[in-house]
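# Observations on the three-dimensional arrangement
This is what each chain is made of:
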Amino acid sequence: MRSWQVYFWVLTLCGLAAITIPWVYHQKQVLTETALAQNENLWLAKQPSSYTLRILVNDGGPPSQWNIRVASGKILAVSKDGQFQANEAGTGFLPTPFFGEMRQWLEYLKKDEKPPFVGVQFHPQLGYPLRAVLRRKSPVQRLEIQMVLEAS
């Protein structure tokens, strides 16, 4: 083989890698019903009874940060951007109800004219969502939620 042929073979391999690697990464992020059920069961089996949940919500406007303190399975305190809220305000962000919200996101895949992107990364040991992204095309909606759980 001549040196110019080797050069183009290397370029071809780099091009294939540039296409394949992001596609594989994207496919691992896409939420499926199986992954949702497995991680929900993992969360229900291993959830700590007391923890602090820090949540960053970005829905297109200014991002908001929620802090939820849970002890013995009950909400003790909820704050949004440093301001205390009623305890009920944080219930939708707790992992157990949020699994129901993600199930609704999967329904958008069946109902929407243009299928949305629904991507979630789960904590490998506890099963709660570390990062969840919903991008709908009609109606236009982008929601990103990041969670960090600190066990007490």
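Our next topic: the environment of D59. Structurally, D59 can be placed in the loop between β1 (51–58) and β2 (64–71). Every residue in contact with D59, bar those within four places of it in the chain, is listed here: R142 and L143.

Tallied over the entire structure, the rule returns 7 aromatic pairs. Pairing W4 with F8 gives two aromatic rings, centres 6.5 Å apart and planes at 75°, and the pair type is edge-to-face. With W4 and F8 both in helix α1 (residues 3–29), this residue pair falls 4 residues apart, about one helical turn. Given the relative accessible area of 49%, W4 is considered partly exposed. Ring geometry for F98 against W105: centres 5.8 Å apart, planes inclined by 85°, an arrangement best described as edge-to-face. As far as the burial class goes, F98 and W105 line up, both buried. Among the aromatic side chains, those forming a connected cluster through ring pairs are W4, Y7 and F8.

Further remarks concern unusual backbone geometry. Working note: non-glycine residues mostly have negative phi, and peptide bonds are mostly trans. Geometrically, the link from S138 to P139 is a cis peptide bond, its omega value of -5° lying close to zero. Looking at the element boundaries, P139 is found in the loop between β6 (129–136) and β7 (141–151). Despite not being glycine, S72 has its phi angle at roughly 55°, a positive value. Overall, the relative accessible area of 61% leaves S72 in the exposed class.

On to the pairing of strand β3 (residues 74–80), then. The sheet contact formed by β2 and β3 spans 6 bridges and is antiparallel. Bridged to I68 within β3 is V78. Hairpin geometry of β2 and β3 is characterised by an intervening segment of 2 residues between the two adjacent antiparallel strands and by a positive phi of about 55° at S72. Strand direction decides the pairing type here: β3 and strand β4 (residues 83–85), joined by 3 bridges, are antiparallel. Considered in β4, the bridge of S79 is made with F84. With antiparallel pairing between neighbouring strands as the criterion, β3 and β4 make up a hairpin whose turn holds 2 residues, including D81 at a positive phi of roughly 50°.

A surface patch of nonpolar side chains, about 460 Å² in accessible area, is lined by M1, V6, W9 and V10. Of note, M1 is situated in the segment before α1.

About the thresholds
Residues numbered from 1 in each chain as written. Predicted model: local features only at pLDDT ≥ 70, side-chain atom pairs only at ≥ 80, totals over all residues. Heavy atoms only, no water. Helix = DSSP H or I, 4+ residues; strand = E, 2+ residues; numbered from the N terminus. Contact = heavy atoms within 4.5 Å. Phe/Tyr/Trp six-rings, centres within 6.5 Å; stacked < 30°, edge-to-face > 60°. Buried < 20%, exposed > 50% of the residue type's maximum accessible area, 1.4 Å probe, protein only. Pairing = 2+ DSSP bridges. Patch = residues over 30% accessible without salt bridge, like charges linked within 9 Å, V, L, I, M, F, W, Y side chains within 5 Å. Areas by Shrake-Rupley, 256 points an atom, 1.4 Å probe, with all protein chains shown as cover. Salt bridge = Lys/Arg side-chain N within 4 Å of Asp/Glu carboxyl O.

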